[in-house]
Structures are given as structure tokens and as C-alpha cells.
Amino acid sequence: MAAVTAGQTAQAAAGSTDGADGALEAAFDAAVAADERIEPRDWMPDAYRASLVRQMAQHAHSEIIGMLPEANWITRAPSLRRKAILMAKVQDEAGHGLYLYSAAETLGTGREELLDKLHAGRQRYSSIFNYPTLTWADVGAIGWLVDGAAITNQVPLCRCSYGPYARAMVRICKEESFHQRQGYELLLALSHGTPAQHEMAQDAVNRWWWPSLMMFGPPDDASSHSAQSMTWKIKRHSNDELRQRFVDICVPQAEVLGLALPDPDLRWNEERGQHDFGAIDWTEFQEVLKGNGPCNEQRLTQRRRAHEEGAWVRDAAAAYAQKHTDSPNADAAKTDVPKTVVPNGEATA
Ligand code: FAQ
């Protein structure tokens, strides 16, 4: 963002007058209105920063908790090909967590602090990951529906007003697209396999459909953050708009799969040019958010254990970094950056 500079941020930090604060806020508003990106060193309202940290933390936590239900199936994948695909997917989710924690760090909130809050149950992760993966077909249903819902929600986040979040989302969405396709292809194979395989695929879709619709958040009239987030252009569409878009995308895909969506009220509405669909059980959603979903306790216990068991890796990485900082050659090493060759043949540092 050109309008509000690092110098202005420093001026604000040094204790600017109300008038100067007002000018900074006006410049911030103008930059958002002009669809410019807000960058880490730019001045931003405290509430904008806090709301971004809240959403990005929840998003990052979802990525790493989201590894757990599918990781359950890595050792039980039915072929080497399926196993390699699933391992790549689960690793991608870890990477997404890293991009998002790093993006949140640019707002002054470290990964450790966010993880502590997740482990203490003080920050949320997506409701969807509190449901169990009962059969192999669930891996397909997660890819098709959960990653499909994630893409629908996240493509507009590539245009989020906060630069580091928007840029992280570009790569995440590309990878989510592979995740969605692998799930779709898996379900297609099952659906056209034996009657038992078809039944397994249908059962998985029956169980994941409604929770996937809940991923988009509460209905617009109950969404506490949407209005402000849309004014700030963190969110570009409301929860209900994106949910509707997802339903409209899924209906023809389900037909190709040969699987039914478990909603007797689902039908095309000629007048609206969209599908009508049945009522979502928001009581179930609220219960899951309160920690009473089928797997809330299990997921947090597994996550805390994974964190404790990974302590030696963090210690080793910190010791390695410290060794290099303390080394007498550290400064020389920093300036002596190895040269790499770029495709046009020029050497670059
Ligand atoms: N689950 O006012 P709103 C993935 C909370 S990534 C839990 O509408 P907002 C990839 C909300 O935080 C999936 N809590 O909130 C993958 C707020 O509570 P708070 C995650 C929810 O922020 C695939 C309260 O309800 N994606 O799946 C949920 O404007 C496979 C009021 O709600 C993202 O995080 C929910 N479903 O809109 C990984 C995308 N919905 O904070 C592994 C980024 C709402 O006041 C395997 N996030 N809440 O305590 C967003 O787009 C938004 O944050 C929404 C919610 C749309 C999720």
C-alpha cells in the first residue's frame, strides 16, 4: 500500500496526535476502498489486525487439525498409488498451516502463542474436523466435499485486503484443487466399483454433506464478523453466498459420480437460477463449536500429543540456528550467499 508508509507507522507508534491517527485511518480506508493491499508495515486499525489474527489462526489451526482424520488412513490405503496421493495431500495441509502461521506472524503474533491458544481450547478450528473417518470412502468424501468447500471459500480470500494472507491463499488454492480432484476421482472409482463399494461411497457422502455446508459458518443474519470483514475486504462474499455457490457446484458433480446428495428438499429453482436446499441443523453446528462434536476431544488430545512429541525437533532446529548465529563465521556466512543460476543464464545472489 503506497498511501500509508512505514514512516507513518513509526510516527503513530511514537504517539501521534488524534489528527494524525485520523489521517492514518483515512488513508487506510482509502487504500482498502481502492483495492490496494495492506502490508505488514502499513498502519492498520487494531481491530483489523485482531480480526485478521483471529481468522488466520482459525484457518491455520484447521489445516493442521485437518491432517488428523485423513492421516488415520495412510497406513490403510488400498494401493501404493492411493497411499502416495494421500501422503502428499496430508503433507500439503501441514504446509498450508505453515504458510498461514507465517502470515499471521507478520501481524506480530507468533506461531507458538497461537499453538498455545489452540491447545488450551482458546482458539477455534473448523467444525468439519470433529467428525470421524469411518471408512476409506471418507477420504474421497473429504477431498470432494471438504476440500471443495474450502476452495469455494478460499478462492475469494486470494483477493483479501491483507497482502501476506492473500498471497498465501494463491498457493493454497492451487494445492486444494489437487486435493479436491483426488477425492472426486477416488469416489468415482468406488461409485462405479462393486455394489459394496458404491454403498460405501454413498454412506460417506451422506455423512459429510451437511457438515460440509456448515463449514461456511453460521447464516448471514447470525454471522457476527461478516459485515465488518466485508467492509475491510478481508471477506469478499457472505457465508450464505458461498454456501449457495458450493451447493450449485456440487449438484452436477454428484450426478456424474452417480451418488445422491442426502437432501430431499434439494431442487433447481428456475426463478432464482440456483438450487433450493433443506434446512441446516444449526443446533448441531453450535454443539460442535462448543466442543461437543463426535471427535472434538480426540482431535485436541492427538494434536497436543503431536506437539509434545515434536518438541525435540523444535529444540534441534533452535540449537542449529543458535549454533550458526554464535559461530565466528556467521556474519561472513550471511554475506557469502551461494549464487544460483536463473533460467536466462544470469547468476544471482
Ligand atoms: N467452524 O461471524 P462468523 C480446510 C465461528 S480449511 C468453527 O461468520 P467469520 C482445508 C467463527 O470463527 C477450513 N467455527 O465468522 C483442509 C466465529 O467465532 P469467533 C477452514 C466457525 O470469521 C481440507 C463465529 O463462528 N477454513 O478445510 C465456523 O466471519 C481438508 C461466528 O462466525 C477457513 O478457516 C466453522 N465452520 O466467518 C484441511 C477459511 N464458522 O471467532 C485439511 C478462512 C464460523 O467469534 C483437510 N475463514 N465459525 O469465536 C473464513 O473464511 C471465515 O473465518 C469463516 C467464518 C467463513 C470460516
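What you are looking at is a predicted structure, and each value in this text was computed from that prediction instead of being measured.

### Side note on the site of the ligand
Now for step 1: Neighbouring the ligand are 36 residues; Gln58, Ser223, His225, Lys235 and Asn239 lie closest to it.
Now for step 2: Note that an oxygen atom of the ligand is positioned 2.6 Å from one of the side-chain N or O atoms of Gln58.
Now for step 3: Contact distances for the ligand include 3.3 Å between a nitrogen atom and a backbone N or O atom of Met215.
Now for step 4: Relative to its unbound accessible surface of 1100 Å², the ligand loses 92% to contact with the protein.
Now for step 5: Among the elements that line the shell around the ligand, the one with the most residues is helix H3 (residues 46–65), at six residues.
Now for step 6: Across the shell around the ligand, the residue classes break down as 12 nonpolar, 15 polar and nine charged.

### Re the nonpolar core
Now for step 1: By size, the foremost hydrophobic cluster in this structure holds 80 residues, and its most contacted members are Trp144 and Tyr162.
Now for step 2: In terms of residue count, helix H8 (residues 163–191) provides more of this core than any other element does, nine residues in total.
Now for step 3: Apart from residues no more than four positions distant in its own chain, Tyr162 is found in contact with Arg37, Ile38, Glu39, Pro40, Met44, Tyr48, Leu52, Met56, Ala103, Thr106 and Leu107.

### With respect to unusual backbone geometry
Now for step 1: For Asp35, which is not glycine, the phi dihedral falls at a positive 65 degrees.
Now for step 2: Inspection of the secondary structure puts Asp35 in the loop between helix H2 (18–33) and H3.

### Thoughts on the state of the cysteines
Now for step 1: Tallying each qualifying case throughout the model produces zero disulfides.
Now for step 2: Note on Cys158: no disulfide assigned, nearest cysteine sulfur contributed by Cys173 at a separation of 3.9 Å.

### What to know about helix H9 (residues 195–214)
Now for step 1: The first and last C-alpha atoms of H9 sit 30 Å apart over 20 residues, in line with the 28 Å expected at 1.5 Å per residue.
Now for step 2: At Trp208, H9 shows its maximal kink, close to 35 degrees; a proline, Pro211, follows between one and four residues later.
Now for step 3: For H9, the full list of buried residues reads Ala201, Gln202, Ala204, Val205, Trp208, Trp209, Trp210, Pro211, Ser212, Leu213 and Met214.
Now for step 4: Among the structural elements, helix H7 (137–154), H8, helix H11 (239–257) and helix H12 (282–292) are those in contact with the buried residues of H9.

### A look at the pattern of salt bridges
Pairing is possible between side chains that carry opposite charge, provided their charged atoms lie close to one another.
Now for step 1: All told, the structure shown has 15 salt bridges when counted by the stated rule.
Now for step 2: Notably, a salt bridge pairs Asp35 with Lys233, separated by 3.2 Å at the nearest N-O pair. With Asp35 in the loop between H2 and H3 and Lys233 in the loop between helix H10 (226–231) and H11, this pair connects stretches of sequence that are 198 residues apart.
Now for step 3: Using a relative accessible area of 18% as the deciding quantity, one classes Lys233 as buried.
Now for step 4: Two residues, Arg82 and Glu185, come together in a salt bridge whose shortest N-O distance is 2.8 Å.

### A few points about the environment of Gly108
Now for step 1: Here Gly108 is to be found in the loop between helix H5 (80–105) and helix H6 (111–119).
Now for step 2: On the accessibility criterion, Gly108 (65% relative accessible area) is exposed.

### Re the side chain of His119
Now for step 1: Mapping His119 onto the fold places it in helix H6.
Now for step 2: In contact with His119, other than residues within four places in its own chain, are Arg303, Arg304 and His307.

### Some words on the packing of aromatic side chains
Now for step 1: Overall, the coordinates contain nine aromatic pairs when judged by the stated rule.
Now for step 2: Taken together, the ring pairs in this structure connect Phe28, Trp43, Tyr48 and Trp232 into an aromatic cluster.
Now for step 3: Taking the ring centre of Trp73 as reference, the NZ or CZ of Arg76 above it sits at 3.9 Å.

### Re the confidence of the model for the protein
Now for step 1: Here the protein averages 91 in pLDDT, and 89% of its residues register 70 or above.
Now for step 2: In the model, residues 337–349 has pLDDT below 50 throughout and makes nine contacts with residues more than four positions away in sequence or in other chains.

### Considering the packing of H5 against H6
Geometrically, a packed helix pair is captured by the angle between its two axes and the distance between the axes.
Now for step 1: At a minimum axis distance of 9 Å, the contact between H5 and H6 shows a crossing angle of 115 degrees. As far as their axial angle goes, H6 and H5 are roughly perpendicular. Judged by residue contacts, Leu98, Tyr101, Ala104 and Glu105 of H5 engage Arg111, Leu114, Leu115 and Leu118 from H6.

Conventions adopted
Residues numbered from 1 in each chain as written. Predicted model: local features only at pLDDT ≥ 70, side-chain atom pairs only at ≥ 80, totals over all residues. Heavy atoms only, no water. Near = heavy atom within 4 Å. Polar contact = N/O pair within 3.5 Å; in protein donor to acceptor, adjacent residues only side chain to side chain. Areas by Shrake-Rupley, 256 points an atom, 1.4 Å probe, with all protein chains shown as cover. Helix = DSSP H or I, 4+ residues; strand = E, 2+ residues; numbered from the N terminus. Nonpolar A, V, L, I, M, F, W, Y, C, P; charged D, E, K, R; others polar. Core = buried A, V, L, I, M, F, W, Y, C linked by side-chain atoms within 4.5 Å. Buried < 20%, exposed > 50% of the residue type's maximum accessible area, 1.4 Å probe, protein only. Contact = heavy atoms within 4.5 Å. Disulfide = S-S within 2.5 Å. Expected span 1.5 Å × (residues − 1). Bend = angle between axes of the 7 residues up to and from the residue. Salt bridge = Lys/Arg side-chain N within 4 Å of Asp/Glu carboxyl O. Phe/Tyr/Trp six-rings, centres within 6.5 Å; stacked < 30°, edge-to-face > 60°. Lys NZ or Arg CZ within 6 Å of the ring centre and 35° of its normal. pLDDT = per-residue confidence, 0-100. Axes fitted to C-alpha atoms, helices over the stretch in contact; angles between N-to-C directions. Parallel < 35°, antiparallel > 145°, perpendicular 65-115°, else oblique.

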